[in-house]
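Descriptive structure summary
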Amino acid sequence: MGDERIEPTDLAHEVETGTGVLELPLARRVLAEGLGTGLLVVAVVGSGIMGQRLAGGQPGLALLANSIATGGALVGLILMMGAVSGAHLNPVVTLVDRAFGSIPARDAVAYVCAQIVGACLGAVLANYMFGFPPIDPSTTTRSSPEHWVSEVVATVGLLLVIHGCVRTGRARAVPFAVAAWITGAYWFTSSTSFANPAVTIARSLTNTFSGIAPSSVPAFVAAQLVGAAIAYVFIRALYPNP
């Protein structure tokens, strides 16, 4: 299907200046990935707590607040970090970029480690801001075939949105397209669309509205990795000439 090597999924720097984020020091890019993923988890967990407190026992209103806040935060974070690291903020995004050869293996490992550490620190911070123990393992079990299939669907869709925009010359639309997909997927998947292994791990550290029991995490992450593999095949088929 031709040469699949493409530039990283960076959303501002490459579009505006024609240069790639890989020219920046790895330490700076890793910091951006850790900080960005951490702030994403703060938005997810914090808005879940606030939404539940203000919803008066109505989970639908809490989910609405959670999804809107997450979508809004995603736009800002991707625009903020895109020029530094490409704003992956998600191990499956990094792994698929690595599969296409657009990021070196060393950088990919560093990104994923930073994303996981940053996400966990974000959950600790969100817990603390709302008066919960910094590490408060969730008791919310999310473990069923329906949840796992939902995570596959959410992850495939997310990666197709990103690469569909980038590979058709619409990289500037990625922040808004990603936010729209995740906001929508909160509602049309039974899992509420985690679609991010780092965020999934971090959400096991909060026993709040957005939490997931640690025992449910491995299957969620496995489903997300399956979704990434499926998305890779679809991206090659749909966009063979990046």
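Preceding this paragraph is the structure being described.
The present account deals with the structure reproduced in this document. (Residues numbered from 1 in each chain as written. Predicted model: local features only at pLDDT ≥ 70, side-chain atom pairs only at ≥ 80, totals over all residues. Heavy atoms only, no water.)

With that out of the way, let us pick up unusual backbone geometry. For Ala87, which is not glycine, the phi torsion reads 55° and is therefore positive. Within the secondary structure, Ala87 sits in the loop between helix H3 (59-85) and helix H4 (91-99). Its relative accessible area of 9% is what places Ala87 among the buried residues. With a phi angle near 55°, Ala195 is a residue other than glycine that sits in the positive phi range. Positionally, Ala195 belongs in the loop between helix H7 (174-188) and helix H8 (197-203). (Helix = DSSP H or I, 4+ residues; strand = E, 2+ residues; numbered from the N terminus. Buried < 20%, exposed > 50% of the residue type's maximum accessible area, 1.4 Å probe, protein only.)

Another point: the packing of H4 against helix H5 (residues 105-129). The N-to-C vectors of H4 and H5 enclose an angle of 175°; their axes lie 9 Å apart at closest approach. Taken together, the axis directions place H4 and H5 in an arrangement best described as roughly antiparallel. Within the contact between the two elements, H4 uses Pro91, Thr94 and Arg98 and H5 uses Ala105, Ala108, Tyr111, Val112 and Gln115. Each residue belonging to the contact of H4 with H5 can be placed in one class, and the counts come to five nonpolar, two polar and one charged. (Axes fitted to C-alpha atoms, helices over the stretch in contact; angles between N-to-C directions. Parallel < 35°, antiparallel > 145°, perpendicular 65-115°, else oblique. Contact = heavy atoms within 4.5 Å. Nonpolar A, V, L, I, M, F, W, Y, C, P; charged D, E, K, R; others polar.)

A few words on the pattern of salt bridges. Per the counting criterion, the structure on display carries two salt bridges. For Asp107, the salt bridge goes to Arg29, with nearest N and O atoms at 3.0 Å. Linking Asp107 in helix H5 with Arg29 in helix H2 (residues 26-54), this pair joins segments that are 78 residues apart in sequence. Like Arg29, Asp107 is buried. When the shortest N-O distance is used, the salt bridge between Asp107 and Arg106 registers 3.3 Å. Classification of Asp107 as buried rests on a relative accessible area of 3%. (Salt bridge = Lys/Arg side-chain N within 4 Å of Asp/Glu carboxyl O.)

So, to be careful, I would describe these as geometric facts and stop short of saying anything about function.
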